[in-house]
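Report on the structure
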Amino acid sequence: MDCPESFSHTTYKGNYSWPLTSPAAKAEVSCRKNPLQSARRSCAINIDLEIAFWKKPNVTECKLLEELPNNIIGLHDVVVTEENAQDVVQHILYLLPNATLQLEELKIIESIISDVLRLADMSVTLAENTLSIVNYILLREIEEQNIRKMTNGILKTTEEIGYKVTYMERNTSVITTSLALLVTRPDPSAFGGLAFGVTSYERGVGLKDESLTKERLNTYVVSASIENASVQNLNEPVTITLQHIDQIEGNAAVHCVFWDFQKNNGLGGWNTSGCEMESTDRDYTICFCNHLTHFGVLLDLSRAEIDTTQDRVLTLLSYAGCGVSSLFLGITLVTYLTLEKLRRDNPSKILLNLCAALLMLNMLFLTNSWLSSFDQPGLCITVAVLLHYSLLAAFTWMCLESVHFYLAFIKVFNVYVPKYILKCCIAGWGVPAMVVTLVLIINKDSYGNGSRSESHPFGNFCWIQENLVFYISVVAYVFFIFVTNTAMFITVLLQIHSMKSRTQRRSSFWKRGFLQDLKSAFSLMFLLGLTWGFVFFAWGAVRIFFLYLFSIFNTLQGFFIFVFHCLLKDEVVKQCRVHFCWGRFRLSNSSVFP
């Protein structure tokens, strides 16, 4: 049975009448706009039903009835379909040499490429032209950060080409100056590994990224994906060449996308070695690398990415500050715990608990990225829960410090609270535990390790992933304590100032009194955690500036507590001279307060 006469309508290339055609044959008719070329349509046969049927018309050689706009901006309203996709992509290639590639143009190009990738399938020619567009953009050394993000987005969409491209052979490849794509259908019964390499004798250029100015990736590979397959029996991490896969099942399509990051490598050579990949039971594998995260991520209200260079500097400052604070918090704890006379009073006991909470917070922050790298969801949730708990505990003890100062200075020492320290401990350690437990009961998946993106800038960092949970259980909690402590700070300072006699203020020692007031103010400021308030001003144009202040002062909070409550505190210095010093620096017990 033959395919009957048929009529097909195309929106952009005209209408076509197809004659009676025998099975396994092709019908050809002249294109409407360029009659010297032909539109084709195959007559296929269904063996099971023993009937013939028409396949989709192939009108790729036919020109569009209406010309496309002569600039990329004009392509904004063009609808991409199977019949005009090839023409639109080729037109973009024609326009690129005269394009400025500003953000608006790149958005349109990204949108068109996304529309092309949403088509049911893609010819090898269309894949080549699409990758040629991406290649042209990559070869342009674009400086502006927002535009680089857009080009990164365009690059990421190209991975879909491997799933959409149609080809008749066992494998096919598309090669450009800075991109290479291999698509293959491995035979499950005979598959023993896959290697793909290509040498480029032109200078390969990648997107400019400040993070690569001093450090180089050890491979040029961006990704490798396995579709419709299960990978089993992995004895060791898989390298990009996949040679360590022992078994592969299913009708798999494997494709690798290569990208030359070595901008100033003369040959721009491609390399397939040295990139380890995740070996999980997922349907695909992706390359990964570790990222450190700056201290501001704990409270950054915008939760958005920052410039790579700034992120690196903030991270280094955060880790250095947390390391210094951890050391001096440990010294403070050992000093007070060793010297019994220093921990007799309630203020010292509250200080010890605050130091313990801050030390736990700093240690968890320092080890977070390392623990996250194990890629164990249970471990990551545990780390995130402990980090959340230690942050809330630190703020709760800061609040208890302010309450104690209020009782001591405003109530003028005439308030007696039974089992005072026990009640403080219940509040200081119990309230944060209640908040964290409530979050776990509602949704334990609120904790985890987010992918590093604009919505989750803390990839490879175990922390709260849900914005609502973050703003309620962290930001609101911290803001309430910050406001309370600020009010107490002002009240206590005014009370201390008013307690001084007029004669002392008018005496020749007014400078010494002023310095003492300044010391008291700074001591209280760090003890009550008022520097954490910098994060509430980290918005807009001044966001980076306040993130720097936040990271510097808050990672060093433990160090400043040591300075004001050990190094500059007379009682502590005297006790240390009695117990830890010798020679002329040692004091006798009789010369110290009883």
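Not measured: the values here are computed from a predicted model.

This next bit is on the state of the cysteines. Throughout this description, disulfide means a covalent bond between two cysteine sulfur atoms. Inspection of the entire model under this criterion finds 3 disulfides. Sulfur-sulfur distance for the disulfide between Cys3 and Cys43 comes to 2.0 Å. In this structure the cystine formed by Cys3 and Cys43 twists about its S-S bond by roughly 90°; its chirality is therefore right-handed. Of the two residues, Cys3 sits in the segment before strand S1 (6–10) while Cys43 sits in strand S4 (residues 38–46), which places them 40 residues apart along the sequence. Two residues, Cys380 and Cys462, share a disulfide whose sulfurs are 2.0 Å apart. Its S-S torsion of approximately -115° makes the covalent link between Cys380 and Cys462 left-handed. Here Cys380, found in helix H8 (residues 377–410), pairs with Cys462, found in strand S15 (residues 462–464); they are 82 residues apart in sequence, far enough to count as distant.

So, about a nonpolar patch on the surface. On the surface, Met1, Leu49 and Ile51 cluster together into a nonpolar patch covering about 360 Å² of accessible area. Turning to its location among the elements, Leu49 is positioned in the loop between S4 and strand S5 (51–54). Residue class for Leu49 comes out exposed when judged on its relative accessible area of 57%.

A few words on the pairing of strand S7 (residues 179–184). Within S7, 6 of the 6 residues are buried, which leaves it mostly tucked inside the rest of the structure. Alternating positions in S7 separate into two faces, Leu179, Leu181 and Val183 on one and Ala180, Leu182 and Thr184 on the other, with burial throughout. Bridge count for strand S6 (residues 171–175) against S7 is 5 bridges, and the pairing is antiparallel. Considered in S7, the bridge of Thr172 is made with Val183.

The next point concerns the packing of aromatic side chains. For the coordinates displayed, the defined rule picks out 25 aromatic pairs. Between Phe295 and Phe365, the aromatic rings sit 5.0 Å apart at their centres with planes inclined by 75°, giving edge-to-face as the arrangement. Of this pair, Phe295 sits in the loop between strand S13 (276–277) and helix H6 (308–338) while Phe365 sits in helix H7 (residues 346–372), and the two are 70 residues apart along the sequence. Both rings, one in Phe526 and one in Phe560, keep their centres 4.1 Å apart while their planes meet at 20°; by these two values the pair is stacked. Of this pair, Phe526 sits in helix H12 (residues 510–527) while Phe560 sits in helix H14 (residues 557–567); the two residues are 34 residues apart in sequence, bridging distant segments of the chain. For Phe526, a relative accessible area of 3% gives the class buried.

The contact between helix H2 (residues 103–117) and helix H3 (residues 124–138) brings their axes to 12 Å, and the two run at 155°. Overall, the two elements H2 and H3 adopt an arrangement that is roughly antiparallel. For the pair H2 and H3, the sense of crossing is left-handed. Seen from H2, the contacting residues are Leu106, Ile109, Ile113 and Val116; seen from H3, they are Leu126, Thr130, Ile133, Val134 and Ile137. Residues that form the contact of H2 with H3 fall into these classes: 8 nonpolar, 1 polar and no charged.

This part is about the environment of Leu351. Looking at where Leu351 falls in the secondary structure, it is placed in helix H7. A relative accessible area of 4% means that Leu351 is categorised as buried. Ignoring any residue separated from it by four or fewer positions in sequence, one finds Leu351 in contact with Tyr336, Glu401, Leu527, Ile561 and His565.

Throughout the structure, instances matching the rule amount to 8 salt bridges. Salt-bridge contacts for Lys56 lead to Glu82; the nearest nitrogen and oxygen are separated by 3.3 Å. Placement of Lys56 in the loop between S5 and helix H1 (85–95) and of Glu82 in the loop between S5 and H1 is noted, with a sequence separation of 26 residues between them. Take Lys56: its relative accessible area is 58%, and that puts it in the exposed class. By relative accessible area, Glu82 is classed as partly exposed at 40%.

Right, let's talk about the sheet that holds S5 for a bit. Strand order in the open sheet formed by 3 strands is S3-S4-S5, with antiparallel pairing between adjacent strands. If you trace the sheet from one side to the other, it starts and ends with strand S3 (25–30) and S5, each paired once. Within this sheet the neighbouring strands show an average axis-to-axis angle of 25°, counted without direction. For S3 and S4, the ladder comprises 6 bridges, and the chain directions are antiparallel. The residue bridging Lys26 from the neighbouring strand is Ser42, located in S4.

The rules behind each value
- Residues numbered from 1 in each chain as written.
- Predicted model: local features only at pLDDT ≥ 70, side-chain atom pairs only at ≥ 80, totals over all residues.
- Heavy atoms only, no water.
- Disulfide = S-S within 2.5 Å.
- Helix = DSSP H or I, 4+ residues; strand = E, 2+ residues; numbered from the N terminus.
- Patch = residues over 30% accessible without salt bridge, like charges linked within 9 Å, V, L, I, M, F, W, Y side chains within 5 Å.
- Areas by Shrake-Rupley, 256 points an atom, 1.4 Å probe, with all protein chains shown as cover.
- Salt bridge = Lys/Arg side-chain N within 4 Å of Asp/Glu carboxyl O.
- Buried < 20%, exposed > 50% of the residue type's maximum accessible area, 1.4 Å probe, protein only.
- Pairing = 2+ DSSP bridges.
- Phe/Tyr/Trp six-rings, centres within 6.5 Å; stacked < 30°, edge-to-face > 60°.
- Axes fitted to C-alpha atoms, helices over the stretch in contact; angles between N-to-C directions.
- Parallel < 35°, antiparallel > 145°, perpendicular 65-115°, else oblique.
- Left-handed = near helix turned anticlockwise from the far one by under 90°.
- Contact = heavy atoms within 4.5 Å.
- Nonpolar A, V, L, I, M, F, W, Y, C, P; charged D, E, K, R; others polar.

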